[in-house]
Amino acid sequence: MDKLLIRGGRQLRGEVLISGAKNAALPELCAALLTGQPVTLHNVPRLQDVSTMLKLVRNMGVSAERDDNGTVRLEAGDLSNPEAPYELVKTMRASVLALGPLLARFGHAKVSLPGGCAIGSRPVDQHIKGLQAMGAEIVVEHGYMIASLPAGRTRLKGARILTDMVTVTGTENFLMAAALAEGETLLENAAQEPEIVDLAEMLIRMGAKIEGHGTSHIRIQGVEKLHGCEHAVVADRIEAGTFLCAVAATGGDVFLRHARADHMDAVIDKLRDAGCTVAAQEGGVRISSSAPACEHLKAQSFSTTEYPGFPTDMQAQFMALNVIARGASMVTETIFENRFMHVNEMVRLGATIHVEGKVAMVEGVQQLSGATVMATDLRASASLVIAGLVADGETLVDRIYHLDRGYDRMEAKLRGLGADIERISGAAA
Ligand code: UD1
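Predicted model, so just to flag it, every value in this text is computed and none were measured.

## Brief notes about the overall build of the chain
Thinking step 1. Each helix and strand counted, the chain has 15 helices and 24 strands in total.
Thinking step 2. Against the 2.2 N^0.38 benchmark of 22 Å for 429 residues, the chain shows a C-alpha radius of gyration of 22 Å, consistent with a compact globule.
Thinking step 3. Put simply, the chain has 429 residues, and 57% of those count as buried.
Thinking step 4. A separation of at least 24 residues holds for 74% of the contacts in the chain among residues at least 6 apart in sequence.
Thinking step 5. For the chain, the computed accessible surface area is about 16400 Å², with 47% contributed by carbon and sulfur atoms.
Thinking step 6. Averaging the positions of the 42 positive and the 51 negative side-chain charges in the chain gives two centres separated by 1 Å.

Printed below as a string of structure tokens:
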């Protein structure tokens, strides 16, 4: 298993290129299932999750080729096997995104239940309920959701779908299913994330009729067929936010090319309140921050919420900043029930954090000291890298396969900014 060895204490300076968003690329790869015509996606990040999704669609019979410049060409003719098996779904929950498009285009689908994951139980009951409202018959058997259309029907039918909570992949499944359904679908309580907007824009390019994306009410007028398209994946606001927190923590001055400030308002506001200078500039975002954080930055309390609120996917990385900033802060996680797995690892690095239920109380310390820590999930791994960049001495982050799931060559990008960080391959470790 690969590890990252970090020698902390260097400031970050220069320019970093922000990749396409994982959480947009994954549904967009699934959207290619909605048509038999070629779909070309540009700016697809090089990530383990993208490789898993490509494996998943290839396994169904889709032809999918990826080049070295981040372009993926897909063609989903008649699929031999409209199925998402457990072996792939268990490594990536987003596989559930195949359910809506398969059902909408082929009238049947078999997708494994995702099961639990490190950050919580993460059920898919809302996905099932919404697709049932559109006329799908779904049974759960032997760990699989087996979905079909009632006898005599060839298409899903439009419906009004009101989910119990805001769900990102749920909204995406409904968007894709509704695009090919008969009649109108109204999504109430829809997620508003930029990745939803990006997916809707891709679907519109394919001939879908969608209005209201980016708000909580999305209206979709189903069409009989969608066609191929070419689409560039939106920049990854979580990768960008992670780099912003890293620079804030280490001090320095970095330009994040392709980052979208308008997608990161909540995080940027907190960074400014902490004492960093963050500005949208042509083609990206610039941040500068003074070191050491314990003198120049003030810890910030925040609570995670759905977009446009503070993203749960940035909670751990911002906490890494709070642990070495001045003063006390309160971090409240409202989206997932078990998303403080990084806390015990940060404590091993010298942080002072006390967790009670959904709330972590953080007391800023002057310095962290390097240690061996273990990555437990994707964003927790990123937070440990940030902590390692500021810690005194060497930090070894173990189990970074979690990091590779969602970050495009993170250590190479950090090295380009002056960090002392290297990958130790499993064989050598
Ligand atoms: C997506 C993101 C993930 C992010 C999360 C919240 C992708 C591929 N992943 O995950 O990075 O952390 O949004 O911003 O885009 N829930 C149910 N039943 C359901 C669906 C959701 O109870 O059927 C609950 C979840 O357990 C969670 C909350 O709703 O507590 C929000 O989850 P959801 O928005 O669905 O997360 P994902 O789409 O899985």
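## Regarding the site of the ligand
Thinking step 1. Lining the immediate surroundings of the ligand are 19 residues, of which Asp125, Thr167, Thr169, Asp313 and Ile335 lie closest.
Thinking step 2. Take Val168: an N or O atom from its main chain is 2.8 Å from an oxygen atom of the ligand.
Thinking step 3. Within the side chain of Asp313, a nitrogen or oxygen atom sits 2.6 Å from an oxygen atom of the ligand.
Thinking step 4. Calculation on the ligand without its partners gives an accessible area of 740 Å², and the protein chains cover 88% of this total.
Thinking step 5. Secondary-structure elements contributing two or more residues to the shell around the ligand are helix H5 (125–133) and helix H6 (168–179).
Thinking step 6. When residues in the shell around the ligand are grouped by element, the largest group, three residues, is from H5.
Thinking step 7. Split by residue class, the shell around the ligand holds eight nonpolar, six polar and five charged.
Thinking step 8. Among the domains, domain 1 (2–19 + 235–425) and domain 2 (22–232) are the pair contributing at least three residues each to the shell around the ligand.

## What about the nonpolar core?
Thinking step 1. Judged by nonpolar contacts, the single largest core of 78 residues is most densely connected at Leu33, Leu74, Leu175 and Leu203.
Thinking step 2. Contacts of Leu33, omitting those with residues within four sequence positions, involve Val57, Met60, Val62, Ala76, Leu79, Ala98, Pro101, Leu102, Arg105 and Phe106.

## Things to note about the UniProt feature "binding site: UDP-N-acetyl-alpha-D-glucosamine" (unreviewed entry) in the chain
Thinking step 1. In the numbering adopted here, UniProt assigns the feature "binding site: UDP-N-acetyl-alpha-D-glucosamine" (unreviewed entry) to Arg93, Arg122, Pro123, Val124, Asp125, Gln126, Asp313 and Ile335.
Thinking step 2. Turning to its location among the elements, Gln126 is positioned in helix H5.
Thinking step 3. Those residues in contact with Gln126, other than ones at most four positions away along the chain, are Thr163, Asp164, Met165, Thr167 and Phe174.
Thinking step 4. Among the polar contacts listed, one links the side chain of Gln126 to the side chain of Asp125, at a separation of 2.8 Å.
Thinking step 5. Not counting the four nearest positions on each side in its chain, Ile335 is found in contact with Thr304, Thr305, Glu306 and Thr312.

## Remarks on the domain arrangement of the chain
Thinking step 1. As far as domains go, the chain holds domain 1 (2–19 + 235–425) and domain 2 (22–232).
Thinking step 2. Between the C-alpha centres of domain 1 and domain 2 the distance comes to 31 Å.
Thinking step 3. The partner domain 2 presents 19 residues to the 22 residues of domain 1 that form the contact.
Thinking step 4. Summing both sides of the interface, domain 1 and domain 2 together bury roughly 1800 Å²; the carbon and sulfur share of this comes to 51%.
Thinking step 5. Summed over the shared surface of domain 1 and domain 2, the number is two salt bridges.
Thinking step 6. Here Arg405 ties to Asp49 by a salt bridge, and the two come within 2.9 Å at their closest N and O atoms.
Thinking step 7. Across the contact surface, domain 1 and domain 2 share six residue pairs in polar contact (both at pLDDT 80 or more).
Thinking step 8. Among the secondary structure elements, those contributing two or more residues to the side of domain 1 that touches domain 2 are helix H13 (378–390) and helix H14 (401–406).
Thinking step 9. A per-class count over the side of domain 1 that touches domain 2 returns five nonpolar, five polar and twelve charged.

## Quick notes on empty space enclosed by the protein
Thinking step 1. Enumeration according to the criterion identifies two cavities of 30 Å³ or more in this entry.
Thinking step 2. Taken as a whole, the largest cavity encloses approximately 50 Å³ of empty space.
Thinking step 3. Taken together, Ile161, Thr163, Thr167, Gly170, Thr171, Phe174, Leu187, Glu188, Asn189 and Ala190 form the lining of the largest cavity.
Thinking step 4. Take the lining of the largest cavity: its biggest share by element is three residues, from H6.
Thinking step 5. Counted by class, the lining of the largest cavity contains four nonpolar, five polar and one charged residues.
Thinking step 6. Contributing elements (two or more residues each) for the lining of the second largest cavity: helix H1 (22–31) and helix H8 (237–250).
Thinking step 7. Looking at side-chain class alone, the lining of the second largest cavity contains two nonpolar, one polar and five charged residues.

## A few points about the sheet that holds strand E3 (residues 39–42)
Thinking step 1. Here we have four strands laid out as an open sheet, ordered E4-E5-E3-E14, and mixed in their pairing. Taken across any chain shown, the strands that pair with only one partner, and hence form the sheet edges, are strand E4 (63–66) and strand E14 (229–232). With direction set aside, neighbouring strand axes in the sheet form an average angle of 15 degrees.
Thinking step 2. As paired strands, E3 and E14 are joined by four bridges and run parallel to one another. Bridge pairing in E14 links Thr40 to Glu230.
Thinking step 3. With respect to the sheet, helix H2 (residues 48–60) is in contact with E4 and strand E5 (72–75), its orientation differing from that of E4 by roughly 155 degrees.

## Let's talk about the sheet that holds strand E1 (residues 3–7)
Thinking step 1. Strands sit in the order E22-E23-E1-E24 across an open sheet of four strands; the sheet is mixed. A strand with exactly one partner marks an edge of an open sheet, and here the two such strands are strand E22 (372–374) and strand E24 (420–424). For this sheet, the mean angle separating the axes of adjacent strands, direction not counted, is 20 degrees.
Thinking step 2. Here five bridges tie E1 to E24, and the two strands are oriented antiparallel to one another. Note that in E24 the partner of Ile6 across the bridge is Ile421.
Thinking step 3. Against the sheet, H13 touches E1, E22, strand E23 (394–398) and E24, its axis set at about 30 degrees to E1.

Procedures and definitions
- Residues numbered from 1 in each chain as written.
- Predicted model: local features only at pLDDT ≥ 70, side-chain atom pairs only at ≥ 80, totals over all residues.
- Heavy atoms only, no water.
- Helix = DSSP H or I, 4+ residues; strand = E, 2+ residues; numbered from the N terminus.
- Rg over C-alpha atoms; globule rule 2.2 N^0.38 Å.
- Buried < 20%, exposed > 50% of the residue type's maximum accessible area, 1.4 Å probe, protein only.
- Contact = heavy atoms within 4.5 Å.
- Areas by Shrake-Rupley, 256 points an atom, 1.4 Å probe, with all protein chains shown as cover.
- Lys, Arg positive; Asp, Glu negative; His and termini not counted.
- Charge placed at Lys NZ, Arg CZ, Asp CG, Glu CD.
- Near = heavy atom within 4 Å.
- Polar contact = N/O pair within 3.5 Å; in protein donor to acceptor, adjacent residues only side chain to side chain.
- Nonpolar A, V, L, I, M, F, W, Y, C, P; charged D, E, K, R; others polar.
- Domains from an automatic or database assignment.
- Core = buried A, V, L, I, M, F, W, Y, C linked by side-chain atoms within 4.5 Å.
- UniProt positions renumbered as here; feature names shortened; annotations may be inferred.
- Buried area = accessible area lost by both parts, 1.4 Å probe.
- Salt bridge = Lys/Arg side-chain N within 4 Å of Asp/Glu carboxyl O.
- 1 Å grid on protein atoms, 1.4 Å probe; cavity = no way out; pocket = protein on both sides within 12 Å on 5 of 7 lines; lining within 4 Å.
- Points joined across faces, edges and corners; volume = space filled by probe spheres on them.
- Pairing = 2+ DSSP bridges.
- Axes fitted to C-alpha atoms, helices over the stretch in contact; angles between N-to-C directions.

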